[in-house]
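# Examination of the molecular architecture
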Amino acid sequence: MDEILKLDFDKDLSLEEKINIDSIFKQIEQDAKPDECLICSKKISPTCNSHSVPRFCLKNISDKGNVCTFKSLLNIPYSKNYQGINKTGTFYNICNNCDNICFANYENPDNYDTIPNNDMLSQIAMKTYLFNIYNKNKVINLEKLIDINIYSSTDLLAYKKYFSYAKEKKKFYIGFYKKLDYRVPIAFQNRICLFSDLEDTMINNVFSFREKLQDLNICIFPLKNSSIICLFTKDGETKLRKFYKQLKKLSIEDQLSVINYIIFAYSENIYISPQYLNLLENENLKEVARSTLNIINPSKDMIKVAISKFSLSNRSKIPNFLLINMLK
């Protein structure tokens, strides 16, 4: 979200204006860093540079230590297409000790010979929600600065609840899992609030502040010679069950197409091999990527408009980075 927040500020700026805005965002990022680790509650010293996607995944798709980020699709002024692994998908709200110990199982590529156990799923979810908490705090700091309120504090509370659930290692349910026998050129780990299913039936009404939304966790982990695709949720959450059943009825190629479409339509935490930079010029892909940027104007038809905009029936219109045919 931090790159997206800069979109309207970066157009037609003088160098002095850009320097001032960069200073503001650096301060927002600094203010988002807590004094105490969100896991062990000990004072953070020094600040830990934690990755939201396992470093080994980024390394496996990198070229000379660089990967392409989501902003490569958005033509953001003054922005580079490449980013070094050390600065890719990072956040700062836990200590070094917790970062090294609490995620050791899921960040070890040798542990993916079998389906991830609940301990690994808990670690994935913990890291995902720590990342979202950090980014949401940055959004809240910006809202305070420009004196607006778009219910970010409500989102933050939900993320903290999910984080606590994962920290307590409560049960998760895997709705989809596949180990591919080739390495995909993208890495992804994040939570998605899926709006509608494969029949364009609403799953989460994101326009209702009374409704409890249910997240879908998605992982795409490129290993050395294979890839892990995993979708999971908190155990007992039922809103996504119909979607899981619909997904399992499709061919593996179409399943991958659906998942590929979802991550580009709903999230920005996508990292891509620079070897496939040419695919990022696809105009349909750019349009889908901008779906997360376009705020739907409140109206009686906003749900209908949102279902149309995020319809999974559009999945075949964009390059499928998860399909081996795309990699030849």
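Residues numbered from 1 in each chain as written. Predicted model: local features only at pLDDT ≥ 70, side-chain atom pairs only at ≥ 80, totals over all residues. Heavy atoms only, no water.

## Topic: the overall build of the protein
Counting its secondary structure elements, the protein contains ten helices and nine strands. Burial analysis of the protein (328 residues in total) assigns 52% to the buried set. Intrachain contacts of the protein at a sequence separation of at least 6 include 76% that bridge at least 24 residues. Summed over its atoms, the accessible surface of the protein is roughly 16200 Å², and 48% of this surface lies on carbon and sulfur atoms. (Helix = DSSP H or I, 4+ residues; strand = E, 2+ residues; numbered from the N terminus. Buried < 20%, exposed > 50% of the residue type's maximum accessible area, 1.4 Å probe, protein only. Contact = heavy atoms within 4.5 Å. Areas by Shrake-Rupley, 256 points an atom, 1.4 Å probe, with all protein chains shown as cover.)

## Regarding the environment of Leu-216
Structurally, Leu-216 is set in strand 7 (residues 216-222). Given a relative accessible area of 0%, Leu-216 falls into the buried group. A sequence separation of 41 residues divides Leu-216 from Gly-175, and the C-alpha atoms of the two residues are 9.4 Å apart. In contact with Leu-216, not counting residues within four places along its chain, are Asn-190, Arg-191, Ile-192, Leu-194, Leu-231, Phe-232, Thr-233, Leu-240, Phe-243 and Tyr-244.

## Notes on the nonpolar core
Generally speaking, a soluble globular protein has its nonpolar side chains buried in company with each other. Of all hydrophobic cores here, the largest spans 49 residues; its most connected members are Ile-218, Ile-220, Leu-231, Phe-243 and Phe-264. Considering each element in turn, this core owes the most residues, nine residues, to helix 8 (residues 252-266). For Phe-264, the contacting residues outside a window of four places in its chain are Phe-70, Leu-73, Ile-270, Ile-272, Leu-285, Val-288, Ala-289, Ile-318 and Phe-321. Ranked by size, the runner-up nonpolar core spans 44 residues in total, among them Tyr-112, Ile-133, Phe-221 and Leu-223. (Core = buried A, V, L, I, M, F, W, Y, C linked by side-chain atoms within 4.5 Å.)

## Things to note about helix 7 (residues 241-248)
Along helix 7, the positions that sit buried rather than exposed are Phe-243, Tyr-244, Gln-246 and Leu-247. With its buried residues spanning 165° around the axis, helix 7 presents them on a single face. (Arc of directions from axis to C-beta.)

## So, the sheet that holds strand 5 (residues 172-180)
What the seven strands build is an open sheet, ordered 3-2-9-6-7-8-5; its pairing is antiparallel. Whereas interior strands pair on both sides, the edge strands pair on one side only; in this sheet they are strand 3 (82-84) and strand 5. Looking at each pair of strands side by side, their axes are set apart by 25° on average, direction ignored. With six bridges connecting them, strand 7 and strand 8 (residues 227-234) associate as antiparallel partners. Residue pairing across strands places Ile-218 opposite Leu-231, the latter belonging to strand 8. Across the sheet, helix 5 (residues 118-146) is in contact with strand 5, strand 6 (186-192), strand 7 and strand 8; its angle to strand 6 comes to roughly 80°. (Pairing = 2+ DSSP bridges. Axes fitted to C-alpha atoms, helices over the stretch in contact; angles between N-to-C directions.)

## Examining the packing of helix 7 against helix 8
Interaxial distance between helix 7 and helix 8 falls to 9 Å at its minimum, and their mutual angle equals 135°. Between helix 7 and helix 8, the angle falls in the class oblique. Residues Phe-243, Leu-247 and Lys-248 of helix 7 pack against Gln-255, Val-258 and Ile-262 of helix 8. The class makeup of the residues in the contact of helix 7 with helix 8 is four nonpolar, one polar and one charged. (Parallel < 35°, antiparallel > 145°, perpendicular 65-115°, else oblique. Nonpolar A, V, L, I, M, F, W, Y, C, P; charged D, E, K, R; others polar.)

## Description of unusual backbone geometry
A positive phi angle, close to 55°, is found at Lys-64, a residue other than glycine. Mapped onto the elements, Lys-64 comes out in the loop between helix 3 (55-61) and strand 2 (66-69). Even without being glycine, Asp-200 reaches a positive phi, approximately 60°. As for its position among the elements, Asp-200 is in the loop between strand 6 and strand 7.

## Remarks on helix 8
In a regular helix each residue adds 1.5 Å, so 15 residues correspond to 21 Å; helix 8 covers 21 Å between its end C-alpha atoms and thus fits that length. Here helix 8 lies mainly inside the structure; twelve of its 15 residues are buried. Of the residues making up helix 8, those classed as buried are Gln-255, Leu-256, Ser-257, Val-258, Ile-259, Asn-260, Tyr-261, Ile-262, Ile-263, Phe-264, Ala-265 and Tyr-266. (Expected span 1.5 Å × (residues − 1).)

## As for the packing of aromatic side chains
Inspection of the entire model under this criterion finds 14 aromatic pairs. On the basis of an interplanar angle of 35° and a centroid distance of 6.1 Å, the ring pair of Tyr-106 and Phe-221 is categorised as tilted. In this pair, Tyr-106 is assigned in the loop between helix 4 (96-101) and helix 5 and Phe-221 in strand 7, connecting sequence segments 115 residues apart. With respect to class, Tyr-106 is no different from Phe-221; both count as buried. Summarising the aromatic geometry, the rings of Phe-264 and Phe-321 are spaced 5.4 Å apart at their centres and angled 35° between planes, so their arrangement reads as tilted. A residue pair is termed long-range when its members are at least 10 positions apart, and Phe-264 in helix 8 and Phe-321 in the segment after helix 10 (302-309) qualify at 57 residues. Accessibility assignment for this pair places Phe-264 and Phe-321 in one class, buried. Members of the aromatic cluster, each reached through a chain of ring pairs, are Phe-103, Tyr-106, Tyr-112 and Phe-221. (Phe/Tyr/Trp six-rings, centres within 6.5 Å; stacked < 30°, edge-to-face > 60°.)

As far as function goes, none of this settles anything; it's purely spatial.
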